[in-house]
Amino acid sequence: MKKLTIFALLVVLFCGTALSAKDFDWSECWCNYGGGVEKGDLIINLGGGFYYSDLDYAKYDDFWFIPPAMVEVQFAQPIWKLPFTFGAYAGFHGYHYNYNTLENGKTVKKDAYFWGTFFGGEAAYHIMLPPDGLDLYAVTRVGGSIPFVKPGSYWEPDYFHVGEAIGATWYFGKVFGLNLEFGYPFSKVGVSFKF
C-alpha cells in the first residue's frame with residue numbers, strides 16, 4: 001500500500017510539473033530565483049534535522065543524541081545575472097556516550113558528551129523550475145562549533161566544518177513555505193518565511 005501511495009504522489013507531481021512546464025521559458029531557468037523569490041528578499045528558515053558527525057559515536061554504549069535545531073537568515077542578492085542568496089546560520093545539538101579507559105590498571109567506564117552551538121556563513125545558488133512555488137538551490141557552508149561542557153568531561157571537538165547541500169523550498173504563497181535539504185554537515189527539514 002505504501003509503494004502505491006508513493007507512486008501515486010510521484011505521478012501527480014510529474015503530471016503537475018509537465019502541465020505547468022508548457023509555457024515555461026527553459027532558457028532563463030539558470031538566471032532566475034524560483035518560488036517567487038526576488039532580489040532583496042529576506043528569507044528566514046527554521047528547522048531541525050540530523051548532524052552527521054554525531055553518528056561517529058553511535059558505536060559506543062549508551063549513545064543518544066539531540067538532533068540539531070537551527071535558524072538561517074538569507075538575503076537574495078544576484079551576482080551578475082546569477083540568483084544567489086547570502087546569509088548565516090546558527091543552531092545547537094548534542095550527544096552522549098560511555099567509553100572504557102584504563103586507570104591504575106583497571107578498566108573504568110566514563111561519560112562523554114557534547115552540548116553546544118554551531119554557526120557559520122553560507123552562499124546558495126538558486127534555480128527556477130516549474131511549478132511556480134518551487135525554489136531549488138545548492139548551498140555551500142563554512143562554520144564551526146562552540147562546546148558547552150563541564151570541566152573534566154571528555155569530548156572530541158568539532159570546531160570547524162565545511163559542507164555542501166542541495167535543497168528545495170515549496171512556497172504556498174508570498175510568505176510561507178516548507179524547506180527540505182540534504183547535505184553535509186547536516187540535513188534538515190523546516191519552515192521558510194520570505195519577506
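Residues numbered from 1 in each chain as written. Predicted model: local features only at pLDDT ≥ 70, side-chain atom pairs only at ≥ 80, totals over all residues. Heavy atoms only, no water.

Some details on the packing of aromatic side chains
Across all of its chains, the model carries 17 aromatic pairs by this definition. Between phenylalanine 172 and phenylalanine 176, the aromatic rings sit 6.3 Å apart at their centres with planes inclined by 25°, giving stacked as the arrangement. Classification of phenylalanine 172 by relative accessible area gives exposed; the value is 56%. By the ring-pair criterion, three or more aromatic residues cluster together here, those being Phe50, Tyr52, Phe63, Phe65 and Tyr184. (Phe/Tyr/Trp six-rings, centres within 6.5 Å; stacked < 30°, edge-to-face > 60°. Buried < 20%, exposed > 50% of the residue type's maximum accessible area, 1.4 Å probe, protein only.)

Focus: the side chain of histidine 96
If you trace the backbone, histidine 96 turns up in strand β3 (residues 84-103). Relative accessible area serves as the criterion here: at 12%, histidine 96 is assigned to the buried category. At a separation of 3.2 Å, a polar atom in the side chain of histidine 96 contacts the main-chain carbonyl oxygen of aspartate 62. Not counting the four nearest positions on each side in its chain, histidine 96 is found in contact with Asp62, Phe63, Trp64, Asp111, Ala112 and Tyr113. (Helix = DSSP H or I, 4+ residues; strand = E, 2+ residues; numbered from the N terminus. Polar contact = N/O pair within 3.5 Å; in protein donor to acceptor, adjacent residues only side chain to side chain. Contact = heavy atoms within 4.5 Å.)

Concerning the nonpolar core
The tendency in soluble globular proteins is for nonpolar side chains to be buried as a group. With six residues, the main nonpolar core is built from Tyr57, Tyr95, Tyr97, Tyr99, Ala112 and Phe114. Taken together, the elements giving at least two residues each to this core come down to β3 and β4 (106-128). Counting residues per element, this core draws most heavily on β3, at three residues. (Core = buried A, V, L, I, M, F, W, Y, C linked by side-chain atoms within 4.5 Å.)

Points about a nonpolar patch on the surface
Together, Leu42, Leu46, Val71, Val73, Phe75, Trp170, Phe172, Val175, Phe176, Leu178 and Phe195 line one region of the surface with nonpolar side chains, adding up to about 940 Å² of accessible area. Of all the secondary structure elements, the ones that give two or more residues to the nonpolar patch are β1 (42-51), β2 (61-76) and β7 (176-183). The element that contributes the greatest number of residues to the nonpolar patch is β2, accounting for three residues. Mapped onto the elements of the fold, tryptophan 170 is located in strand β6 (residues 160-171). On the accessibility criterion, tryptophan 170 (32% relative accessible area) is partly exposed. (Patch = residues over 30% accessible without salt bridge, like charges linked within 9 Å, V, L, I, M, F, W, Y side chains within 5 Å. Areas by Shrake-Rupley, 256 points an atom, 1.4 Å probe, with all protein chains shown as cover. Salt bridge = Lys/Arg side-chain N within 4 Å of Asp/Glu carboxyl O.)

A look at the confidence of the model for the protein chain
For the protein chain, per-residue confidence averages 84 on the pLDDT scale, and 83% of positions sit at 70 or higher. Here helix α1 (residues 2-20) stands out as the least confident element of the protein chain, with mean pLDDT 49; β7 is the most confident, with 96. Below pLDDT 50 for its whole length, residues 8-12 participates in zero contacts with residues either more than four positions away or in separate chains. (pLDDT = per-residue confidence, 0-100.)

Remarks on the environment of threonine 107
Mapped onto the elements of the fold, threonine 107 is located in strand β4. With near-sequence residues (within four places) excluded, threonine 107 lies in contact with Asn100, Thr101 and Leu102.

Overview of the sheet that holds strand β5 (residues 134-147)
Strand order in the closed barrel made by the eight strands is β1-β2-β3-β4-β5-β6-β7-β8, with antiparallel pairing throughout. Between one strand axis and the next, the sheet turns through 25° on average, direction left out of account. Sheet topology places β1 next to β2; seven bridges connect them, and they run antiparallel. By the bridge assignment for β2, leucine 42 is matched with phenylalanine 75. (Pairing = 2+ DSSP bridges. Axes fitted to C-alpha atoms, helices over the stretch in contact; angles between N-to-C directions.)

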